[in-house]
Amino acid sequence: KKRVVSGVQPTGLVHLGNYLGAIKNWLSLQDLYETLFFIVDLHAITLPYEAPQLSKATRSTAAIYLACGIDSSKASIFVQSHVRAHVELMWLLSSSTPIGWLNRMIQFKEKSRKAGDENVGVALLTYPVLMASDILLYQSDLVPVGEDQTQHLELTREIAERVNNLYGGRKWKKMGGRGGSLFKVPEALIPPAGARVMSLTDGLSKMSKSAPSDQSRINLLDPKDVIMNKIKRCKTDSLPGLEFDNPERPECNNLLSIYQIITGKTKEEVVGECQNMNWGSFKTTLTDALIDHLQPIQIRYEEIMSDPGYLDDVLSEGAGKAAEIADITLNNVYQAMGFLRR
Ligand code: AQP
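Counting restarts for each chain: residues are numbered from 1 in the order of the written sequence. Under the rules for a predicted model, residues below a pLDDT of 70 receive no local features and side-chain atom pairs below 80 are neither given nor counted, while totals for whole chains, interfaces and linings still include all residues.

Per an unreviewed UniProt entry, the chain carries the name tryptophan--tRNA ligase and comes from Oryza brachyantha. UniProt positions are given in the numbering used here, feature names are shortened, and annotations may be inferred rather than shown by experiment. According to its UniProt record, the chain has this under Sequence similarities (unreviewed entry): "Belongs to the class-I aminoacyl-tRNA synthetase family."

Laid out in structure tokens, this is it:
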């Protein structure tokens, strides 16, 4: 079976974008592939954060994975920092990553501009090397990536190739290894179209955890009345009828797309049902569909959170399975790079 890895940062509340763009797609992946889904807590400290919130958000995100239907008997579910190899391999990889490669990362440029110089730690620059480590440790074949992550995956591929050339093959054999590639070079798994969820208050920017206004996103754990209120107040337009793909109507396209994915209907079905609706009745229809979809997830979430022992067991078993794979890669790299082994 091919191996797939993916993760979400515990930086805040998991929102509809994370769910429709990532977690929901993992459900079919766990049946097709060998999957490892982690909570990338080490990535969550690359921008200023609140320490007491980190562990809470980490548990909560893990519980959300399970509540959404990620199944620990199919996928390994674990916390990134519980598998020490992530940080160790990152250091080894960083010695072969030119600073220029990191300086050109768009996300670094954008996030550092927003955060201001005083708030930009070195980790924000080296973040993509940790992401490369997350992927390469597991010899992953496929990585589901949104548009915003394609540049980072390309960098991962470049780092893998460079380290394979510098230390793999015959050179590794000389060091007592088996030779061949140290890392598999992973491919992107492009998520289904329409899975990019935009902000409720601006159809041109993505729904995001870090956007200052909570009004701009639906969080997976938002209660009924909050969802109702957010949809009621979300940005719309004053054109008649509703339509997909009109560049003049990004909000309209976004809300219809959310409705389509959440109900599992085809685009044609949604057009047939909604094209003549006014905003008032569509908003009610969308709110009902969101509540219907999210309520069972919220109920399962509460059950999981009320049994901490269960969650601990899942995470500990997941970390154990992940570490077994990760340690093999890490030891090979140490050997190939010439480190004295105990
Ligand atoms: N709006 C979105 N639409 C579709 N997919 C999205 N993802 C995030 N936002 C959307 C996907 O969720 C996964 C986990 O993302 P992350 O935790 O690494 O955070 P992020 O990509 O930086 O996005 P966030 O959650 O909104 O956080 P901030 O505010 O920090 O940018 C990824 O697969 C991502 O593509």
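Don't stop here, the text continues.
Moving on to the overall build of the chain. Each helix and strand counted, the chain has 13 helices and 5 strands in total. Here the C-alpha radius of gyration of the chain, 22 Å, is about what a compact globule of 342 residues would show, namely 20 Å. In terms of overall dimensions, the chain has C-alpha extents of about 70 × 45 × 40 Å along its principal axes. Counting other C-beta atoms within 10 Å of its own, a residue is labelled buried from 20 upward, exposed at 12 or fewer, and partly exposed in the gap between, with every C-beta atom placed from the backbone. Across the 342 residues in the chain, those meeting the buried criterion constitute 39%. We call two residues in contact whenever the C-beta atoms placed from their backbones are within 7 Å. Summarising the internal contacts of the chain: among those between residues at least 6 apart in sequence, 76% fall at separations of at least 24. Numbering goes from the N terminus for both helices and strands, where a helix is a DSSP run of H or I of at least four residues and a strand is a run of E of at least two. We compute the radius of gyration from the C-alpha atoms alone; for a globule the expected value is 2.2 Å times N to the 0.38, where N is the number of residues.

This part is about the site of the ligand. Contact assignment follows one rule, namely that a residue is near a molecule or strand if its backbone-placed C-beta atom lies within 6 Å of it. Contacts to the ligand come from 18 residues, most closely from Gly17, Gly21, Gly146, Ser208 and Ser210. Take the shell around the ligand: its biggest share by element is 4 residues, from helix α1 (residues 16-32). Charged means Asp, Glu, Lys or Arg here, nonpolar means Ala, Val, Leu, Ile, Met, Phe, Trp, Tyr, Cys or Pro, and polar covers whatever is left, Gly included. Here the shell around the ligand is built from residues that sort into 5 nonpolar, 9 polar and 4 charged.

Located in the positive-phi region is Gln139, a residue other than glycine, with phi close to 50°. Considering the arrangement of structural elements, one finds Gln139 in the loop between α6 (122-136) and β4 (142-144). We classify Gln139 as partly exposed; it has 19 C-beta atoms within 10 Å. The phi dihedral of Asp245 falls on the positive side, at around 60°, and the residue is not glycine. With respect to the helices and strands, Asp245 occurs in the loop between α9 (224-233) and α10 (250-263).

Turning to its location among the elements, Leu130 is positioned in helix α6. Note on Leu130: 22 C-beta atoms within 10 Å, which makes it buried. Here the alpha-carbon distance between Leu130 and Val87, two residues 43 residues apart in the chain, equals 7.0 Å. Excluding residues within four positions of it along the chain, Leu130 makes contact with Leu42, His43, His86 and Met90.

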